[in-house]
Amino acid sequence: MKKILAASLSLAMLLAFASCDPDEGGTSSTTSKAGTSSTQAPTSSTADVSSEQPSSEPEDSEDSLNLAFKGDPYVDSVSTQYTMYTADLLNDGDNSSQSRWQSDATGNTDSEGNVDPAWCGIMWDEAQTFDMLVIEWESAHPTEDGYTVQISDDGETFTDLDVEAVRTGTFEADGETLNQDHQIDTITFEAVTAKYVRIYCFKAYVNASGDVKEHPSCYEFEVYNSADLEAAEGGESQVASDGTVSE
């Protein structure tokens, strides 16, 4: 009886496969979520710009403690020269070289790196409580004293936070020389509750050749609540200087 059932099942499978449209190959179609969020560059460098739809979250975002995955990007503008560096890449969980946001802010600059303001951040529909940011910058980044961290509940009136920040850089192949073109800021402060948080940049990094990096560019903007991190790991969890959460 088992042999008969097995033979019948095999025959049924063969008939089903033969009935598939050869052009379709018997496979079902899927729709990628990538690129569902886009941001248009404003006509003015002072205009607020955010993605029209929530950015795509990494597959494991449900288990992540990075609050940025729950919100939308909040930026001053998007580059009109490098249009691939859109706002939705600011919190997509990908810090590869092509996955970053870049501002279109232009205007007055000088040899010391003083530039017209630009910003990037995250906004939420509901207020979130947090006390830590991890910002991964590309070569175009503010100096360590060239930005402030600000919060808001309405996106119009912002309050500066009193913060402590540690900046670390990646290392060149020799393992000794800091790469000034790739910086990570780990920023801590007293816990706050807000709907908006942003990095407000006003002084740009000037490289060894004297080039003012006036268009801030960021791979990832991460937001954490250290109480959640500690609870998740039994009071021992920490965010390293590179933004990774210890397991």
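Quick caveat: nothing in here was measured; it's all calculated off a predicted structure.

How each quantity is defined
Residues numbered from 1 in each chain as written. Predicted model: local features only at pLDDT ≥ 70, side-chain atom pairs only at ≥ 80, totals over all residues. Heavy atoms only, no water. Helix = DSSP H or I, 4+ residues; strand = E, 2+ residues; numbered from the N terminus. Buried < 20%, exposed > 50% of the residue type's maximum accessible area, 1.4 Å probe, protein only. Contact = heavy atoms within 4.5 Å. Areas by Shrake-Rupley, 256 points an atom, 1.4 Å probe, with all protein chains shown as cover. Salt bridge = Lys/Arg side-chain N within 4 Å of Asp/Glu carboxyl O. Phe/Tyr/Trp six-rings, centres within 6.5 Å; stacked < 30°, edge-to-face > 60°. Lys NZ or Arg CZ within 6 Å of the ring centre and 35° of its normal. Lys, Arg positive; Asp, Glu negative; His and termini not counted. Polar contact = N/O pair within 3.5 Å; in protein donor to acceptor, adjacent residues only side chain to side chain. pLDDT = per-residue confidence, 0-100. Core = buried A, V, L, I, M, F, W, Y, C linked by side-chain atoms within 4.5 Å.

(A) Focus on the overall build of the chain. Helix and strand counts for the chain come out as two helices and nine strands. Going from the N terminus to the C terminus, the chain shows its helices and strands as α-β-β-β-β-β-β-β-β-β-α. Per-residue burial for the chain yields a buried fraction of 41% across its 247 residues. For the chain, long-range pairs separated by at least 24 residues make up 71% of all intrachain contacts whose partners lie at least 6 apart in sequence. By element, 47% of the accessible surface of the chain is carried by carbon and sulfur atoms, the whole surface being about 14,000 Å².

(B) Layout of the pattern of salt bridges. Across all of its chains, the model carries two salt bridges by this definition. Between glutamate 138 and arginine 100 there is a salt bridge, and its shortest N-O distance comes to 3.7 Å. Taken together, the residues span a long stretch of sequence, with glutamate 138 in the loop between strand S4 (114-137) and strand S5 (147-152) and arginine 100 in the loop between strand S2 (72-75) and strand S3 (101-102) at a distance of 38 residues. The shortest N-O distance in the salt bridge between aspartate 185 and arginine 167 comes to 2.7 Å. With aspartate 185 in strand S8 (residues 178-203) and arginine 167 in strand S7 (residues 164-171), the pair connects residues that are 18 residues apart, well separated along the chain. Each of the two residues, aspartate 185 as well as arginine 167, counts as buried.

(C) The arrangement of the packing of aromatic side chains in detail. Applying the stated criterion to the full structure yields seven aromatic pairs. When the ring of tyrosine 74 is compared with that of tyrosine 196, the centres are 5.1 Å apart and the planes differ by 75°; the resulting orientation is edge-to-face. With a gap of 122 residues between them, tyrosine 74 in strand S2 and tyrosine 196 in strand S8 connect regions that are remote in the sequence. When its relative accessible area of 3% is taken as the criterion, tyrosine 74 is described as buried. Here tyrosine 196 falls in the buried class, since its relative accessible area comes to 15%. An aromatic cluster of three or more residues is present, and its members are Tyr74, Phe158 and Tyr196. Above the plane of the ring of tyrosine 85 lies arginine 100, whose end atom (NZ or CZ) is 3.7 Å from the centre. Across the ring face of phenylalanine 158, the terminal group of arginine 198 is positioned such that the distance to the ring centre comes to 3.6 Å.

(D) Representation of the side chain of aspartate 76 within the structure. Structurally, the position occupied by aspartate 76 is in the loop between S2 and S3. No salt bridge is formed by the buried aspartate 76; the nearest opposite charge belongs to arginine 198, separated by 8.3 Å. For aspartate 76, the side chain forms a polar contact with the side chain of serine 77, separated by 2.6 Å. Here the side chain of aspartate 76 touches tryptophan 119 through a polar contact of 3.0 Å, landing on its backbone nitrogen.

(E) Looking closely at the confidence of the model for the chain. When pLDDT is averaged across the chain, the result is 74; 62% of the residues are at 70 or more. Per-residue pLDDT, averaged within each element of the chain, yields its smallest value for helix H1 (residues 2-18) (38) and its largest for strand S6 (residues 159-160) (98). Counted against residues more than four places away or in other chains, residues 1-63, with its pLDDT under 50, gives 64 contacts.

(F) Main features of the nonpolar core. If you look at the biggest cluster of nonpolar residues, it comprises 28 residues, and the most contacted ones within it are Phe130, Leu133, Val197, Ile199, Phe221 and Val223. Counting only elements with at least two residues in this core, the list comes to S4, S5, S8 and strand S9 (217-224). For leucine 133, the residues in contact, after removing those within four places along its chain, are Val149, Asp185, Thr186, Ile187, Phe189, Val197, Ile199, Phe221, Glu222 and Val223.

(G) Geometry of the environment of isoleucine 187. With respect to the helices and strands, the residue isoleucine 187 is situated in strand S8. You can call isoleucine 187 buried: its relative accessible area is 0%. Sequence spacing of isoleucine 187 and valine 134 is 53 residues, and the spatial spacing of their C-alpha atoms is 6.3 Å. When sequence neighbours within four positions are dropped, the list of residues in contact with isoleucine 187 reads Asp131, Met132, Leu133, Ile135, Tyr147, Val149, Val163, Glu164, Ala165 and Ile199.

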